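One-letter residues, chain by chain:
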Amino acid sequence: MSWLLFGLLAVLTLGGGLGVVATRNVVHAALFLLLSLTAVAGVYLVLFAEFLALVQILIYGGAIVIVVLFAVMLTRSSDYPRISDNRQWPLAVVAALGVLGVLAAAFMSRPSPVTRPQSPVFDELASSLFTRWAVPFEVASLVLLVALIGAIIIARASGNER
Amino acid sequence: MEIIDILTIIVKLAVLFTILSVVVLGLTWLERKVLGRLQGRLGPTRTGPMGLLQPLADALKLVLKEDIIPTAAEKVLFWIAPVIVVISAFVIWVTIPASQSLVVQNLDLGLFYIIAFSVVGILGLLMAGWGSANKYGALGGLRAAAQLISYEIPLIMVVVAMAMLAQSLDLRVIVEKQSSYPYLLLQPLGLVIFFIAGLAEVGRTPFDIYHAESEVVGGPFVEYSGAHWAVFFLAEYINTFAVAALTALLFLGGWSGPFLPPVVWLLLKTLAVVLVIFWVRGTFPRLRIDQLMAFAWKALVPLSFYVIVITAVYQFYGWPAWSLTLMSLAGLAGVGYLVYQRMTAPARQVKQVQARQRALAQSRRAAAAGGTPPAPQPVATQGPG
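The model shown is predicted, which means the values in this text are computed figures rather than measured ones.

Novice: If you had to explain the overall build of chain A to someone new, which residues and values would you point to?
Specialist: Within chain A one finds six helices and zero strands. Taken from N to C terminus, the helices and strands of chain A fall in the order α-α-α-α-α-α. Residue burial in chain A is summarised as follows: out of 162 residues, 15% are buried. A fraction of 56% describes how many contacts in chain A between residues 6 or more apart in sequence connect residues 24 or more apart.

In structure tokens:
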């Protein structure tokens, strides 16, 4: 049962990812991204990580794809819907293979445990996130802060030109 | 998983869907009646006793109407958008309990689940606006995205504060914790923010900017007709009912109350909130989009952070309950003062302009009497901003 589900979700994830790079319409690419990210949430659910699955749906399936779509629709993409910049594809291949290599190495060196999967207790998740992993957590929020400040600077710069 | 389990879940979902559909039919009738009374009309009277059959007639009409798909529309997006909107509205109800035991599937992360899926509905609106290949539709979709993303933040922050108070994301535990007194008394500011942001979330007047008929002629729904449009309508009322039920569960003590059975109490409280929503619709004019966004980012977001901070301080130092009430009321009073300032601003500006015009006329008269040409003076011709 879970293998069947996983297979279906994997096909959806990979198909969505393929759609993102294959389609020429930017809005369609964003929607394929949505499909892929939502399927990943399903994979988390198969692994009994409900919290992670919900975070995936809220942040990636909801907020991020909405903001991407919003930006694409605002930038008059309908005037030139068939532009795609593919110069980066060799770099993208290297990056993708690198990630695959790291993940495969990790998977080989530590085979998956044979115990039954179970959902983590929410309290434990929270306390370990804010004590043991507090520094990485704060670093991640720093990245978001940098993005926010960058957005404000760009907006202000264009406002002065007028 | 056993076959029986899957079957029971399917049966439960079917029952839930039937109940929600009946509730939506009832709500449309109630809204017409209440709005009619508020505006000095009778509302529907001809179909059945007190117009009770009006929603059935409407539903029949919508189903029988021709379902038009524009030639220029993106067929897949156009077709799938209402489905996404209604499913995201419907799945929220899976974990909303009607009483301690009456719930389709209780989740430990119930509140978080509700928030996660309430965001997905926005995507459907964006896709509807884009897919119908219509300027008003695209504009409405963009407005929906901007508005709903903005109001999602205060909503989530207040929900987090309530979860902090109850020390749980499980709606049943949150209601249990309110058995002695509802959280309305502890966190009145939270209730106000939640209610306003909730109204904006479901796009009801005065926040119906993204489907405002007089501005974007229906927004994302402009090209929809017949059954597809009815699906959007269904989702809107399911969402309204969900916001009312969540307000009752989070702030009004849910199903706790004397004498009557729990389900009846929850229904009564939810109905009261729904009536307030209709009342607000009958009372306030629609906001402008810039007012809407400014109100979200300059008023509601900082206030929701204030709610989180006072709740955290109260929890951490273990202060008595009335201290949180006082802090919350202080925030509410501050907002009340600001809103009062804004509401009376036009009158004040009109007075200023009138005073300036009087002074100008006086100086002109004086100049004419003196024989020298009047010096050009800047005149405030701008109306109240």
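Novice: Provide a residue-level description of the interface of chain B and chain A, including the pertinent values.
Specialist: Each side of the interface is counted separately: chain B has 17 residues, and chain A has 18 residues. Where the side of chain B that touches chain A is concerned, the elements lending two or more residues are helix H4 (110-131) and helix H5 (135-166) of chain B. With ten residues, H4(B) is the single largest residue contributor to the side of chain B that touches chain A. For the side of chain B that touches chain A, a count of residues per class yields 16 nonpolar, no polar and one charged.

Novice: Help me get a handle on the packing of helix H12 (residues 289-317) of chain B against helix H13 (residues 321-370) of chain B, residues and values and all.
Specialist: Residues and elements named next belong to chain B. Direction vectors running N to C along H12 and H13 enclose 165°, while the axes themselves pass 10 Å from each other. Between H12 and H13, the interaxial angle falls into the category roughly antiparallel. Handedness of the crossing formed by H12 with H13: right-handed. Between H12, through Ala299, Leu303, Tyr306, Ile310, Thr311 and Tyr314, and H13, the contact on the second element is made entirely by Ser323, Leu324, Met327, Ser328, Gly331 and Val335. Considering only residue class, the contact of H12 with H13 consists of eight nonpolar, four polar and no charged.

Novice: How would you summarise unusual backbone geometry if you had to cite specific residues and measurements?
Specialist: Positive phi values are uncommon outside glycine, yet B:Ala133 reaches one of about 50°. Within the fold, B:Ala133 resides in the loop between H4 and H5.

Novice: Which residues make up the domain arrangement of chain B, and what are the values?
Specialist: Frequently, the measure chosen for interface size is the accessible area that the parts lose on association. Residues and elements named next belong to chain B. Parsing chain B into structural domains produces domain 1 (20-64) and domain 2 (73-319). On a C-alpha basis, the centres of domain 1 and domain 2 stand 23 Å from each other. Opposite the twelve residues of domain 1 that make contact, domain 2 presents 17 residues. Secondary structure elements with two or more residues in the side of domain 1 that touches domain 2: helix H1 (3-38) and helix H2 (54-64). In terms of residue count, H1 provides more of the side of domain 1 that touches domain 2 than any other element does, nine residues in total. Residue composition of the side of domain 1 that touches domain 2, grouped by class: nine nonpolar, two polar and one charged.

Novice: Outline the domain arrangement of chain A, listing residues and values.
Specialist: Segmenting chain A into domains produces domain 1 (1-81) and domain 2 (120-162). Between the C-alpha centres of domain 1 of chain A and domain 2 of chain A there is a distance of 22 Å.

Novice: Explain the confidence of the model for chain B residue by residue, including any values.
Specialist: Per-chain confidence: chain B averages 84 in pLDDT, with 96% of residues scoring 70 or above. Confidence estimates for the predicted assembly give a pTM of 0.83 and an ipTM of 0.79.

Calculation criteria
- Residues numbered from 1 in each chain as written.
- Chains lettered and ligands numbered in written order.
- Predicted model: local features only at pLDDT ≥ 70, side-chain atom pairs only at ≥ 80, totals over all residues.
- Helix = DSSP H or I, 4+ residues; strand = E, 2+ residues; numbered from the N terminus.
- Buried ≥ 20, exposed ≤ 12 C-beta atoms within 10 Å, placed from the backbone.
- Contact = placed C-beta atoms within 7 Å.
- Nonpolar A, V, L, I, M, F, W, Y, C, P; charged D, E, K, R; others polar.
- Axes fitted to C-alpha atoms, helices over the stretch in contact; angles between N-to-C directions.
- Parallel < 35°, antiparallel > 145°, perpendicular 65-115°, else oblique.
- Left-handed = near helix turned anticlockwise from the far one by under 90°.
- Domains from an automatic or database assignment.
- pLDDT = per-residue confidence, 0-100.

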